[in-house]
Amino acid sequence: MIEYVAAGNIDDRILNRSVKLLVNGGIAALPTDTSWSIVCSTQSREGIKKLRQLSGEKDERLFTILCSNIAQFGEWCSLDNTRFRLIKRLAPGPYVFILSTLLGTEKTLSLRRKEIGVRLPAHPVPVTVINSLGCPLYGITAKRSMAEDYMPDFDDEDGKNVLFGEDVLFEGGWELETINGLDVILDPGEDQERVVSTVLDMRTGDVVLLRQGIGAWPA
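Residues numbered from 1 in each chain as written. Predicted model: local features only at pLDDT ≥ 70, side-chain atom pairs only at ≥ 80, totals over all residues. Heavy atoms only, no water.

K.L.:
Teacher, can you tell me more about unusual backbone geometry here?
P.N.:
Negative phi characterises most residues that are not glycine, and trans characterises most peptide bonds. For the bond from A91 to P92, the omega torsion is 0 degrees, close enough to zero to count as cis. Here P92 is to be found in the loop between α3 (81-90) and β5 (95-100). Cis rather than trans, the peptide bond between W217 and P218 has omega equal to 0 degrees. As for its position among the elements, P218 is in the segment after β10 (208-211). (Helix = DSSP H or I, 4+ residues; strand = E, 2+ residues; numbered from the N terminus.)

The structure is reproduced here in structure tokens:
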């Protein structure tokens, strides 16, 4: 179900319905400052389970906590002053920061790893939803492989999948209607750029670039 919204001023009725869906274990698609994300509430075990089933992804490193402020990072991850200052310089923006989890985070999110990616998107839709929900979102990038009618392209010579890069991402919100299991799509009516975030591993003293996206690094 698509709900068309004004990005900077979401109708209260749409916002309240969307938040209620998330509280009750629903799954939403929304725009970020990179591409579309599919999200659930970090406080909903049912939502987390449904998100993983819908995505088809088993690699926990592909899932990210979306926050509306940097202080929320510290509720889920180990965040000292040095890391805080660097993140504050880059966020909000198209960056995912890999940090060590706090005790309880693995249990809440049913993680097998002791690290998680966190980000603060520079887009009003996810920030508004998070603030209204009262907790961060747990999300994954929306990919065409999640669509019900997905048919991968293959190379004629060796049979390898050649659908890669920006081609796996969505532009318009209407395209996400092909993903079975979404409860709501919050669509500001503008196509999203098919780009990815920059991923920085900050668990040790040195910052390690894991993926170069549109976020500049070194910054």
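K.L.:
Would you mind showing me how to read the pattern of salt bridges here?
P.N.:
Any two side chains of opposite charge can pair, so long as their charged atoms come close to each other. For the coordinates displayed, the defined rule picks out 14 salt bridges. Between D59 and R61 there is a salt bridge, with its nearest N and O atoms 3.0 Å apart. Three or more residues joined by partner-sharing salt bridges are found here, namely R113, E115, D201 and R203. (Salt bridge = Lys/Arg side-chain N within 4 Å of Asp/Glu carboxyl O.)

K.L.:
Whenever I open this one, the sheet that holds strand β8 (residues 184-187) confuses me. Can you help?
P.N.:
Strand order in the open sheet formed by ten strands is β1-β8-β2-β3-β7-β4-β6-β5-β9-β10, with mixed pairing between adjacent strands. Edge strands, defined here as strands with exactly one partner in the open sheet, are β1 (2-4) and β10. Across the sheet, the mean angle separating the axes of adjacent strands is 35 degrees when strand polarity is ignored. Strand direction decides the pairing type here: strand β4 (residues 64-66) and strand β7 (residues 137-141), joined by three bridges, are antiparallel. Paired with I65 across the strands is Y138, a residue of β7. Across the sheet, helix α2 (residues 45-55) touches β3 (36-41) and β7, and the angle it forms with β3 is around 150 degrees. (Pairing = 2+ DSSP bridges. Axes fitted to C-alpha atoms, helices over the stretch in contact; angles between N-to-C directions. Contact = heavy atoms within 4.5 Å.)

K.L.:
Can you help me understand the packing of aromatic side chains in this one?
P.N.:
We describe a pair of aromatic rings using the distance from one ring centre to the other and the angle between the two ring planes. Per the counting criterion, the structure on display carries three aromatic pairs. Their ring planes at 20 degrees and their centres at 5.6 Å tell us that F63 and Y138 sit as a pair that is stacked. Residue F63 is found in the loop between α2 and β4, and its partner Y138 is found in strand β7; the two are separated by 75 residues along the sequence. Overall, F63 belongs to the buried group, its relative accessible area being 2%. By relative accessible area, which is 0% here, Y138 ends up buried. Over the aromatic face of F63 sits the side chain of R52, whose NZ or CZ is 5.9 Å from the ring centroid. (Phe/Tyr/Trp six-rings, centres within 6.5 Å; stacked < 30°, edge-to-face > 60°. Buried < 20%, exposed > 50% of the residue type's maximum accessible area, 1.4 Å probe, protein only. Lys NZ or Arg CZ within 6 Å of the ring centre and 35° of its normal.)

K.L.:
Where do I start with the environment of I70 in this structure?
P.N.:
Tracing the backbone shows I70 in the loop between β4 and α3. Residues I70 and L86, 16 residues apart in the sequence, show an inter-C-alpha distance of 11 Å.

K.L.:
Explain helix α5 (residues 124-133) to me, please; I cannot follow it from the model alone.
P.N.:
Every α-helix carries 3.6 residues per turn, so stepping three or four residues along brings you back to the same face. Taken together, the buried positions of α5 are occupied by V125, P126, V129, I130 and L133. Here the buried residues of α5 occupy an arc of 125 degrees about the axis, which is enough to place them on one side. Elements that come into contact with the buried residues of α5 comprise α1 (12-23), β2 (28-31), β3, β4, β7 and β8. Two residues or fewer after α5 comes G134, characterised by a positive phi angle close to 90 degrees. (Arc of directions from axis to C-beta.)

K.L.:
Any chance you could explain the nonpolar core here in plain terms?
P.N.:
Across soluble globular proteins, you tend to see nonpolar side chains buried next to one another. Residues I38, F97, Y138, L176 and L182 are the most contacted members of the largest nonpolar core, which totals 39 residues. Ignoring sequence-local partners within four residues, the contact set of I38 consists of I27, A28, A29, L51, L54, Y138, G139, I140, A142, M146, I179 and L182. Counting 18 residues, the second largest nonpolar core, distinct from the first, contains V19, L66, L133 and C135. (Core = buried A, V, L, I, M, F, W, Y, C linked by side-chain atoms within 4.5 Å.)

K.L.:
I would appreciate a short explanation of the confidence of the model for the protein chain in the present structure.
P.N.:
Atomic detail in the predicted coordinates should be set aside for any region of low pLDDT. For the protein chain, the mean per-residue pLDDT works out to 90, and 92% of the residues sit at or above 70. When the criterion is pLDDT under 50, residues 154-164 qualifies, and its contacts beyond four places in sequence or with other chains add up to 14 contacts. (pLDDT = per-residue confidence, 0-100.)

K.L.:
Which parts of the structure should I look at to understand the packing of α1 against α5?
P.N.:
Running from amino to carboxyl end, α1 crosses α5 at an angle of 65 degrees, the nearest separation of the two axes being 10 Å. When the axes of α1 and α5 are compared, the pair comes out roughly perpendicular. Seen from above, α1 lies across α5 with right-handed handedness. Contacts between α1 and α5 involve L15, V19, L22 and V23 from the first element and T128, V129, S132 and L133 from the second. Classifying every residue of the contact of α1 with α5 by side-chain character gives six nonpolar, two polar and no charged. (Parallel < 35°, antiparallel > 145°, perpendicular 65-115°, else oblique. Left-handed = near helix turned anticlockwise from the far one by under 90°. Nonpolar A, V, L, I, M, F, W, Y, C, P; charged D, E, K, R; others polar.)

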